Amino acid sequence: MTVIDRFLQYVKFDTQSDELTNLTPSTPGQMIFAQHLRSELEALGLEEITLDDNGYLMATLPANTDKTNVPTVGFIAHLDTSPDLTGRHVSPRIVESYEGGDIVLNSEKGIVLSPSEFPELNNYRGQDLIVTDGNTLLGADDKAGIAEIITAVSNLIKHPEIKHGKVRIAFNPDEEIGLGAHKFDVEQFNADWAYTMDGGEIGELEFENFNAAVAKVTFAGRNVHPGYAKHKMINSIRIANQFAIMLPRWETPEHTEEYEGFYHLISFEGTVEQTTLTYIIRDHDRDRFERRKKEIEHLVRKVNHEFPGVASLEIKDQYYNMREKIEPVMHIIDIAEEAMRLADVTPKVVPIRGGTDGAQLSFKGLPCPNIFAGGLNFHGRYEFVPVQSMEKATQVIEEIIKLVEKQA
């Protein structure tokens, strides 16, 4: 079975996660998918296969080398797809030898994947693109990663002449809602380091990500009949709006790129009596990240100075930049870069403008940078993945495994 065969099969599983259930996995479809993968890994002949009640699936490709000092390397991908758009009844289509121009995803609804809006399409002329039918996301994030890992391991099993050390693989739930690494048993996984196959376009290699926090600001109002409200009403919606415009206008996702951080208002819910603003705070630099949190605190105090006791704040850190955990073991980045070059892929070391399970795992003691899975436009109906990128990602995994054995 090829990496594409696997991918087209995997996207049929509805594994959309849900942050409201407070369960692990957060949705039953993830466990159904994990059980399917467990059966596939058993059929391949992998060892030490475990699937716990929380949906964490792990397995081992045993070493076939005589060397005794080969490190154990791991590869990780996540089972769930984003809650941003449905992943039910995904109907993928392969556009063979893309010639450029618009790709009509859904003629009835007028949904078109166009290089005028997504210029990255022009980089994949002549390649085969897997696209959606315009009604769902595709699920390349991260079923492409799962397909690539299993295919690479399968290829090594078929070629015992290729010597390698022990390889661990794992597939976890709920990455898309920030919980993928929370119940990941690093001790049980027992790898020296690992790579998440969860990056974007071909060549991406990431070992820096945002420091992240969520801030919830609640404004308590007082409702009085508007005809008799003078000097009595406290309109929490108006005060919340005043707070929102106090934050820097240009430090938002739509105005930032690369290493630039931001404040992102993701929810505004309220009535006169009570309004709640929810922000995510992001910055690659730890000092700037801490200053951003203090700025939120400062503005809350400023509002309370004008409207005593109206505003309350809750800030919670979500994850941190993995760079500080990767820098002491930069040889694992060197190996990944060399593996890409061996696969005729140009490495593109870029910061992640988001989070990754690898960040949390790195702080749990498992250094875990992120490698491209090949997809683009994740989380929406315009998602697509080039077939050739998935094939190259599979090859990169194999080259990493061979390099680790060779360099031991």
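In the block above lies the structure referred to throughout.
Fair warning: this is a prediction, and the values are worked out from it, not measured in the lab.

Criteria and cut-off values
- Along each chain, the written sequence defines residue order, and numbers are assigned to residues from 1.
- The predicted nature of this model means local features are confined to residues of pLDDT at least 70 and side-chain atom pairs, given and counted, to a pLDDT of 80 or more, with totals for whole chains, interfaces and linings taken over all residues.
- Calculated side-chain values reflect all of the structure's heavy atoms, with hydrogen atoms and water omitted.
- Numbering of helices and strands runs from the N terminus; a helix is a DSSP stretch of H or I covering at least four residues, while a strand is a stretch of E covering at least two.
- Per-residue accessibility, obtained with a 1.4 Å probe over protein chains only, is compared with the maximum for each type, and a residue is labelled buried under 20%, exposed over 50%, and partly exposed between these values.
- Side-chain atoms alone can form a polar contact between residues adjacent in sequence; in general such a contact is a pair of N or O atoms within 3.5 Å, and within protein one must be able to donate a hydrogen while the other accepts it.
- The contact definition used throughout considers only heavy atoms, calling two residues in contact when any of these lie within 4.5 Å.
- Here a pair means two rings of Phe, Tyr or Trp (six-membered ring of Trp) with centres within 6.5 Å. Their orientation is stacked below 30 degrees between planes, edge-to-face above 60, and tilted elsewhere.
- Lysine and arginine charges are scored as sitting over a ring when NZ or CZ, respectively, is within 6 Å of the ring centre and within 35 degrees of the ring normal.
- Note on pairing: two strands pair once DSSP finds at least 2 bridges between them.
- Any carboxyl oxygen of Asp or Glu within 4 Å of a side-chain nitrogen of Lys or Arg constitutes a salt bridge here.

Caption draft 1: How the structure looks around the side chain of Thr 15. In this structure, Thr 15 sits in the loop between α1 (3–10) and α2 (28–44). With a relative accessible area of 0%, Thr 15 lands in the buried category. At 3.0 Å, the side chain of Thr 15 forms a polar contact with the side chain of Lys 143. Among residues more than four places away in sequence, those in contact with Thr 15 are Thr 27, Gly 29, Gln 30, Phe 33, Leu 79, Asp 80, Thr 81 and Lys 143.

Caption draft 2: Layout of the packing of aromatic side chains. Summed over the entire model, instances satisfying the criterion amount to 11 aromatic pairs. Grouped by ring-pair contacts, the aromatic residues Tyr 10, Phe 13 and Phe 33 constitute a single cluster. Here the basic side chain of Lys 143 rests over the ring of Phe 33, its NZ or CZ set 5.4 Å away from the ring centre. Above the face of the Tyr 263 ring, Arg 292 is positioned so that its terminal group lies 5.0 Å from the ring centre.

Caption draft 3: How the structure looks around the pairing of strand β3 (residues 73–78). Across the six residues of β3, six count as buried, placing the element largely inside the fold. Neither face of β3 is open: one carries Val 73, Phe 75 and Ala 77, the other Gly 74, Ile 76 and His 78, and all of them are buried. Pairing geometry for β3 and strand β8 (residues 167–172), over six bridges, is parallel. In the sheet register, Ala 77 faces β8, and the bridge partner there is Phe 171. Strand direction decides the pairing type here: β3 and strand β9 (residues 193–199), joined by four bridges, are parallel. Bridge pairing links Val 73 to Trp 193 in β9.

Caption draft 4: Representation of the pattern of salt bridges in the model. For the structure on display, the rule yields 16 salt bridges. For Asp 14, the salt bridge identified is with Arg 88, shortest N-O distance 3.2 Å. Taken together, the residues Asp 14 in the loop between α1 and α2 and Arg 88 in the loop between β3 and β4 (93–95) connect sequence positions 74 residues apart. Classification of Asp 14 by relative accessible area gives partly exposed; the value is 26%. Here Lys 402 ties to Glu 399 by a salt bridge, and the two come within 3.5 Å at their closest N and O atoms.

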